[in-house]
Amino acid sequence: MNAPITSPALTAKDFKSDYKPVWCPGCGDYSVLTAVTKALAMLELRPENVAVVSGIGCSSRIPAYTTCYGFHGVHGRSLPAGTGLKVARPDLTVLVASGDGDGYSIGGNHFLHACRRNVDLTYIVMDNHVYGMTKGQPSPTTEPDWSSKLAPGGTGVREFHPLVIALASGANFIARAFSGDPNGVAALIVEAVRHPGFSFVEVLSPCVTFRPEQRGWKESARPAPVAYTDDPARAARRLMTDDGFNIGVLYKGRRAPFAGLPAAPTHSLADLEGGFRL
Amino acid sequence: MKANHSSVSVALAGSGGAGVMTAGNMLLEAAAAAGYYGLMTRTSGPQIRGGEAAAMVRVSTFATDAQDDRFQVLAAIDWQNVNRFATELPLGPESILIGDQAHGEPPEVFTKTGARYFPVPLKQLAGQVQGGWPNMIALGVLAGLMGLPAQALEAAINKAMKKGVEAGIAAAKLGLAQAANLDGFKLKEIPAKSSRWLITGNEAAGYGALRGGVRFVAAYPITPATELLEWLSPALTKVGGTLVQAEDELASINMALGASYGGVPALTATSGPGLSLMIEALGLGVTAEVPVVVVDVMRTGPSTGIATKSEQADLNIALYGLHGDAPHIVIAPNSLSDCVAATEWAVGLAESLQVPAIVLSDQYFGQARAVVDVPAFEKKSFHRAKANSNGQPYKRYALTDSGVSPMAIPGTPGITYTADGLEHNERGTPSSQSGDHLAQMEKRARKISQLDPGDAWASIEGEGDVALLTFGSCTGPAREAFARARAEGFDARLVSLRMLAPAQPAKLKQALAGVKRVLVLEQNHSGQFLRYLRSEYELPGEVKSLRRPGPLPFRPEEIYREIVRP
Amino acid sequence: MSKPAKKASGEEAYADFMSRAYTMELEAIERYAQFADALDTHNNPEVAGLFRKLSAIESLHAKRILAEMRWPSLPALPAAYAWESVEGPETAPFDAVHYLMQPYHALEIALRCEQQARKYYEDIAAGSAPKRVKAAAKEMAAEEASHVALIQDWMKKVPQPAPGWDEDPDPPRMNE
């Protein structure tokens, strides 16, 4: 009997819930969902040992679409919630999901500090350069000349460069993925989860409703021409000159992750009272 | 000089570098060592270093966390800008001023109270001891004026000073000798000593949190809550927990929610500006039913206000600040030592009801240090109901009679779910159906409204047809006013609420049966507590509001006058 | 796994080829099912039903491969299965669908997939693989060709969408 394919304990399907996504048909986020479920199967994890944490927006709907433990919190605060969870429960695998509005605008400050804190979690941002859930306003990654109702003629404000910011802030793993290649996204998530510390995966995930022209991203996205570096200075040069379409792992750092809850107490409550006792 | 005082209040003022806080703490330690109760509060100018400051120490034969009507002694190492504290340092003709003539005369604002001035050459005396400091001379003078024994002073100096102990003791003894020449305010002998703690309200709240089971704290530094966090940080590590310094208050509350969702009881501490930032996430805690506790060490607001001074003006935001209908818990400790039990209780309620709880402490409690009787703790403990798989589809938000639904903790197989701030059905699936919204709102309201706090909801003391209603740090001076009234044969009822939300109208009605006159005491400008009482309760008879904004505390005398007024 | 191992024996190369064929079907089955779910959610039951049918057709094919190989159960997708294109030749890209799409559009998608699959097998049949693999590929190419014809017939039976089929007089909703 020659069975060439070994069966892992669970398949991607086991990580997909019965709850059907509200995303527009054609949305890149469907692909990210598929990639997440594949990645978790490839990592041979069990749904109860994984938590998917999110904020608000289209992408942030993802937790309930998985069979993992989910936390769908308030706008912009997915990283703090994920940080608290991972620090309190170091035994769990924590994925934090966000979008370009949730993660880079309202949650921008948390992004900087999550990178520098380096808690061992994976941050997946589905970037479509637009606010979808509130109907098409420009986000921090929107091109300055993209015209919308809120900013007719464009914002005139330059885009935020999430990967450069992540590197400068201390993220320990930086990758860019493209939702047009769900298997590629899955492979990058697997690597991100395996890498210790704060792993950042920016996924170009087109919005077919407000940014139909992003269907053209499949022509632009290409594998990064060189392998990742562990040298921040080299990574900085590459990321600064990057056109935003190099796909793959771009940086892997070697910083030690933030420590979680200690394994066991060393003192009793009564010991602490000693500090007050006269 | 007769030892006939049951309470002596002294203040030691001076500019930065004079060491008035260090000396104040040693005086408190000396009082404790001599078997007395004591309370130290502090005031300071806006400078980070070098500014004027005053340590205010009250030593008494009875337990109190209130400041007295007046100070018997105001001592100053120097008088630069000490006049700024005039309203906080009330003096009278029986008071005395101690100062060093090398630093000029006391400001007129103090001398015009009738207080007598006794110059003491603090600097010159300190010069007589190798390594001596004027603050240690002043410490000796103040201890001597109260009649504290030299050995208690030595013990305090030994405990507090890391180096220069001998010089410290020698200088303090020179001060003691100076006091012998002055009319003092000798304390009565104290009866047998009970077992006591020396603790700040912030430490007490931190310890209460740990007793309640908190093992994760995330917080952002803010005056006057920072010491609570600084106490918790090493303490948590010892008991198997941790503290994360967050990038802002939005992060700290959301980190706490994340940790609690993971099954680890979690807390954050802040003050008004931080609480304002946390409000949205508290609503998430309500809807997603994730327990979390916020200790709000209230300071003078709005906005940055007076960051270092106390006020009870966050009551409205704590009760009503959340958007939507968001039932939650608000608890207020009503003494410095009650910060332990009140915080522990809040953690227990949050955990057992799966709801956010706010503890309204304030700067007065938080930063005051006092000798207190070791609190008696409730044996009752509260726990979060946790779910396990029974093979059925898991309903995280099942509509139970109590409103509490067992919570799945990540790691538990077979019952994974998504905690959601979106309205949801019993399974936790987002829903915009009116029926689901109503059913879940009623469930969330039910678990709070069905809560029976027993006798813990308020401290009720005394009888009579006059009642005083208050909460928090106004309780201390009210208690003292009641004690004075009782000593004169006039009894009245003191009702100090500890549970502010949910309101307990039936219990208050019972507590106020037969009352003809109600006084409502609070430290804010607009009468937030009065408005709250009027909206949630029926107040019998004539109602009078006693209120003023921070930072000046109420003093027993003014409350006493209102109680006994015919 | 992108190419059959060069020095593999004919038997091994054949098993490898069949596992790839099977994986290709699985991806297509799953993608069509995802499209069906998405269109159900977006109140387009007609096209959802059509995608469900396409998914079922691919399942039959997959089952035949299992039977042929006497593999006991459905093996899971192998980890990081890399195709020469980003996904399997028979897998439609996620962005191929639209909530107002009509059966004709769904069949266009299917036609493209079947044509790609046919070409994939034709290329192997014409290449330098071991004989047994080439023979199997030829068979598979023929089967895909019959699917192409089937879909083309099917397309004649459904109306061609009128211009402006994707126009929606109402704007998108704001949900959060």
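Scope of this entry: the structure provided in the associated data block. Just so you know, these numbers come straight off a predicted model, no measurement behind them.

Bringing the state of the cysteines into the picture now. One pass over the full model with this rule turns up zero disulfides over all chains. There is no disulfide at Cys-68 of chain A, and the cysteine sulfur nearest it, in Cys-27 of chain A, is 19 Å away. Of the cysteine sulfurs around Cys-339 of chain B, a residue in no disulfide, the closest is that of Cys-474 of chain B, at 14 Å.

If you walk through the whole model with that rule in mind, you get 31 aromatic pairs over all chains. Where Phe-111 of chain A meets Tyr-123 of chain A, the ring centres are 5.8 Å apart and the plane angle is 45°; that geometry is what we call tilted. On the criterion of sequence distance, the pair formed by Phe-111 of chain A in helix H4 (residues 108–117) and Tyr-123 of chain A in strand S4 (residues 122–127) is long-range, its members being 12 residues apart. Each residue in the set Tyr-69 and Phe-71 of chain A together with Tyr-261, Tyr-394, Tyr-397 and Tyr-417 of chain B is aromatic and connected to the rest through ring pairs, giving one cluster. The ring of Phe-554 of chain B is capped by Arg-548 of chain B, whose NZ or CZ atom sits 4.4 Å from the centre of that ring.

Quick look at the interface of chain A and chain C now. Interface extent is often summarised as the accessible area lost during association of the parts. On the chain C side, the residues contacting the 38 residues of chain A number 37 residues. Where chain A abuts chain C, roughly 3,100 Å² becomes buried across the two surfaces, and 62% of that area is made up of carbon and sulfur atoms. For the interface between chain A and chain C, the tally reads two salt bridges. Linking Asp-37 of chain C and Lys-20 of chain A is a salt bridge whose minimum nitrogen-to-oxygen distance equals 4.0 Å. Inspection of the chain A/chain C interface yields six residue pairs in polar contact (both at pLDDT 80 or more). Going through the elements one at a time, helix H1 (28–42) and helix H6 (182–194) of chain A are the ones with two or more residues in the side of chain A that touches chain C. With five residues, the top contributor of residues to the side of chain A that touches chain C is H1 of chain A. Partitioned by chemical class, the residues of the side of chain A that touches chain C number 18 nonpolar, 12 polar and eight charged.

Taken residue by residue, the interface counts 57 residues in chain B and 44 residues in chain A. Overall, the association of chain B and chain A removes approximately 4,200 Å² of surface from exposure, summing both partners, and the carbon and sulfur fraction of that is 66%. Three residues, Lys-238, Glu-247 and Thr-416 of chain B, lead the burial of chain B against chain A; their summed loss comes to 14% of the area buried on that side. Here chain B and chain A share two salt bridges between them. Between Arg-117 of chain A and Glu-247 of chain B there is a salt bridge, with the nearest N and O atoms lying 2.6 Å from each other. On the surface where chain B and chain A come into contact, there are 22 residue pairs in polar contact (both at pLDDT 80 or more).

All names here are of chain B. Strand S18 (residues 493–497) sits mainly inside the fold: five of its five residues count as buried. Side chains Arg-493, Val-495 and Leu-497 project from S18 onto one buried face, and the interleaved Leu-494 and Ser-496 project onto a second face that is buried too. With four bridges joining them, strand S16 (residues 458–461) and S18 adopt antiparallel strand pairing. Counterpart to Ile-460 in the pairing with S18 is Val-495. Sheet topology places strand S17 (residues 466–471) next to S18; five bridges connect them, and they run parallel. In the strand pairing of S18, Ala-467 is matched with Arg-493.

With that settled, the discussion passes to helix H4 (residues 134–146) of chain B. All names here are of chain B. For H4, spanning 13 residues, the distance from its first C-alpha to its last is 19 Å, which sits close to the expected 18 Å at 1.5 Å a residue. H4 sits mainly inside the fold: 12 of its 13 residues count as buried. A positive backbone phi angle near 80° is found at Gly-147, which sits one or two residues after H4.

Parameters and conventions
Residues numbered from 1 in each chain as written. Chains lettered and ligands numbered in written order. Predicted model: local features only at pLDDT ≥ 70, side-chain atom pairs only at ≥ 80, totals over all residues. Heavy atoms only, no water. Disulfide = S-S within 2.5 Å. Phe/Tyr/Trp six-rings, centres within 6.5 Å; stacked < 30°, edge-to-face > 60°. Helix = DSSP H or I, 4+ residues; strand = E, 2+ residues; numbered from the N terminus. Lys NZ or Arg CZ within 6 Å of the ring centre and 35° of its normal. Contact = heavy atoms within 4.5 Å. Buried area = accessible area lost by both parts, 1.4 Å probe. Salt bridge = Lys/Arg side-chain N within 4 Å of Asp/Glu carboxyl O. Polar contact = N/O pair within 3.5 Å; in protein donor to acceptor, adjacent residues only side chain to side chain. Nonpolar A, V, L, I, M, F, W, Y, C, P; charged D, E, K, R; others polar. Buried < 20%, exposed > 50% of the residue type's maximum accessible area, 1.4 Å probe, protein only. Pairing = 2+ DSSP bridges. Expected span 1.5 Å × (residues − 1).

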